[in-house]
Amino acid sequence: MTTTTTTTEPNPEPAAVDERMASPGLLNKLVVRPEIGALLGALVVFVFFSIVADKFLTTGGVATWLDDSATLGIMAVAVALLMIGGEFDLSAGVMTASTALVTAIFATQVGLNVWLALLLSLVFALGVGALNGWLVVRTGLPSFIVTLGTFLALQGLNLGVTRLITDSVQVSGMRGAPGYESAGFVFASTFAIAGTPFQISIVWWIGFAALAAWLLTRTKFGNWIFAVGGAAISARAVGVPVARTKILLFMGTALAAWLVGTINILRFTTVQANQGIGLEFQFIIAAVIGGCLLTGGFGSAIGAAIGALIFGMARQGIVFANWNSDWFMLFLGIMLLGAVLVNNTFRRRAERVRR
């Protein structure tokens, strides 16, 4: 009689899971987003001024701080893309005045239709942006120096040409120019919510930010922007058109400046030759608060839009709280330093998560 002995195999150990296939946790998913710091900051600012300023959450108050944020936000988004690409544009602020002046001079002094004047100012803006980009990539000079030169040149042109043509330092009379009504409806009208007028610039801001976010995260050009900002030499070695990308980014800031200049001239119907000076630093600060690094290669279009929102909420919140407006500069300085520290921390954490 044969006896069969059954041996029991030990339970096999579970197969090790490749950490590259593991699903990252919610915290890690949030950390890799450059705009998360700005979003948290916006929530803090929103809650704070909602408590200390009674008018802050009224429809009129919301309309005011959204209006304050809108044109700044359009420029901050464009500047953010440029900063992610590793460059700066110090002429962005004065360019908003230059494009408005070109539009106003052609419409009021030459007598052209406003739409044609807008087209000519757009060509002017894109030409200056392309020149900035070409000089940066052709000469190898830092964009800080190149665009500082453009800033001074545009400032001189604005004052000199305006005084030569109008014998003053401003151009007005847009309301009587042909085509003003239709152009004003597109760029400077209002829409009502709960009986309160909101500026159409808010819609332009949201649309511009959404388009920039899609371009940055969903297209090949967006990958090029991160590549040239993070490591231009390596990007060139793998076939990224570094020069073309940088030139297009400078043209993007010029396009945004044209849009802001157009909104301003059609809304206020007059423009001063010295407008826009100093605004370039506000654009950069909003982009940095929104998650951009000064070294390039890291940032977010949505974050820059949120940075501009923080700007608008703080500036108008201080007014609604009946505080001295000088406190805004203190707030701005603290926000800038805090944003730089937070952005560096999030970037290092994101690099560890992605490894």
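Caption draft 1: Region of the structure containing the layout of surface pockets. Taken as a whole, the largest pocket spans an internal volume of roughly 300 Å³. If you go around the largest pocket, you meet 15 residues; those closest to its centre are L81, F208, L215, G252 and L255. Where the lining of the largest pocket is concerned, the elements lending two or more residues are α3 (59-84), α8 (201-218) and α11 (242-268). Per-element accounting of the lining of the largest pocket gives the leading share, 6 residues, to α11. Of the residues belonging to the lining of the largest pocket, the class tally is 13 nonpolar, 2 polar and no charged.

Caption draft 2: Layout of the packing of aromatic side chains. In this structure the tally under the stated criterion is 14 aromatic pairs. A ring pair is formed by W115 and F187, whose centres lie 6.1 Å apart and whose planes are at 50°; its orientation type is tilted. Taken together, the residues W115 in helix α5 (residues 114-139) and F187 in helix α7 (residues 180-188) connect sequence positions 72 residues apart. By relative accessible area, W115 is classed as partly exposed at 38%. Each member of the aromatic cluster is reached from another via a ring pair, and the members are F46, F48, F49, F56, W65 and W323.

Caption draft 3: Quick look at the confidence of the model for the chain. Mean pLDDT over the chain works out to 87, with 88% of the residues at or above the 70 mark. When mean pLDDT is taken per element in the chain, α5 scores highest with 97 and helix α1 (residues 26-31) scores lowest with 56. Taken together, the stretch residues 1-9 has pLDDT below 50 and engages in 0 contacts with residues farther than four places along the chain or on a different chain. Across residues 14-22 the pLDDT falls below 50, and counting only partners more than four positions away or on other chains, this stretch makes 0 contacts in the model.

Caption draft 4: A look at the packing of α5 against α11. Contact geometry of α5 with α11 gives a least axis separation of 7 Å together with a crossing angle of 150°. Of the two elements, α5 crosses α11, and the hand of that crossing is right-handed. A class-by-class count of the residues in the contact of α5 with α11 yields 17 nonpolar, 5 polar and 1 charged.

Caption draft 5: α5, seen in detail. Taking 1.5 Å per residue, 26 residues should reach 38 Å; α5 reaches 37 Å between its end C-alpha atoms and fits that length. Along α5, the positions that sit buried rather than exposed are V114, A117, L118, S121, L122, A125, V128, G129, N132, G133 and V136. Among the structural elements, α4 (92-109), α6 (143-166), α7 and α11 are those in contact with the buried residues of α5. At the N-terminal boundary of α5, the capping side chain belongs to N113, with an oxygen 2.9 Å from the backbone nitrogen of W115. Looking one or two residues beyond α5, the residue adopting positive phi is G140, at roughly 80°.

Caption draft 6: Seen up close, the environment of N132. You can see N132 is positioned in helix α5. For N132, a relative accessible area of 1% gives the class buried. Along the backbone, N132 and T147 are 15 residues apart, and their C-alpha atoms lie at a distance of 6.5 Å.

Caption draft 7: Focus on the environment of A104. When you line up the elements, A104 lands in helix α4. On the accessibility criterion, A104 (0% relative accessible area) is buried. Spatially, the C-alpha atoms of A104 and Q170 are 9.6 Å apart, while their sequence positions differ by 66 residues. Discounting residues that sit within four places of it in the chain, A104 has contacts with Q109, V171, M174, I265 and V271.

Caption draft 8: The pairing of strand β3 (residues 196-199), seen in detail. Relative to β3, strand β2 (residues 190-193) is paired through 4 bridges, and the arrangement is antiparallel. For A192, the partnering residue across the bridge sits in β3 and is P197. Counting the residues between successive antiparallel strands, the hairpin from β2 to β3 contains 2 residues, one of them, A194, with a positive phi of roughly 55°.

Caption draft 9: Up close: unusual backbone geometry. You will see that D167, though not glycine, has its phi angle at about 60°, which is positive. Its location among the elements puts D167 in the loop between α6 and β1 (170-172). Its identity is not glycine, yet N322 carries a phi of approximately 60°, on the positive side. When you line up the elements, N322 lands in the loop between α13 (301-320) and α14 (327-354).

Conventions we followed
Residues numbered from 1 in each chain as written. Predicted model: local features only at pLDDT ≥ 70, side-chain atom pairs only at ≥ 80, totals over all residues. Heavy atoms only, no water. 1 Å grid on protein atoms, 1.4 Å probe; cavity = no way out; pocket = protein on both sides within 12 Å on 5 of 7 lines; lining within 4 Å. Points joined across faces, edges and corners; volume = space filled by probe spheres on them. Helix = DSSP H or I, 4+ residues; strand = E, 2+ residues; numbered from the N terminus. Nonpolar A, V, L, I, M, F, W, Y, C, P; charged D, E, K, R; others polar. Phe/Tyr/Trp six-rings, centres within 6.5 Å; stacked < 30°, edge-to-face > 60°. Buried < 20%, exposed > 50% of the residue type's maximum accessible area, 1.4 Å probe, protein only. pLDDT = per-residue confidence, 0-100. Contact = heavy atoms within 4.5 Å. Axes fitted to C-alpha atoms, helices over the stretch in contact; angles between N-to-C directions. Left-handed = near helix turned anticlockwise from the far one by under 90°. Expected span 1.5 Å × (residues − 1). Polar contact = N/O pair within 3.5 Å; in protein donor to acceptor, adjacent residues only side chain to side chain. Pairing = 2+ DSSP bridges.

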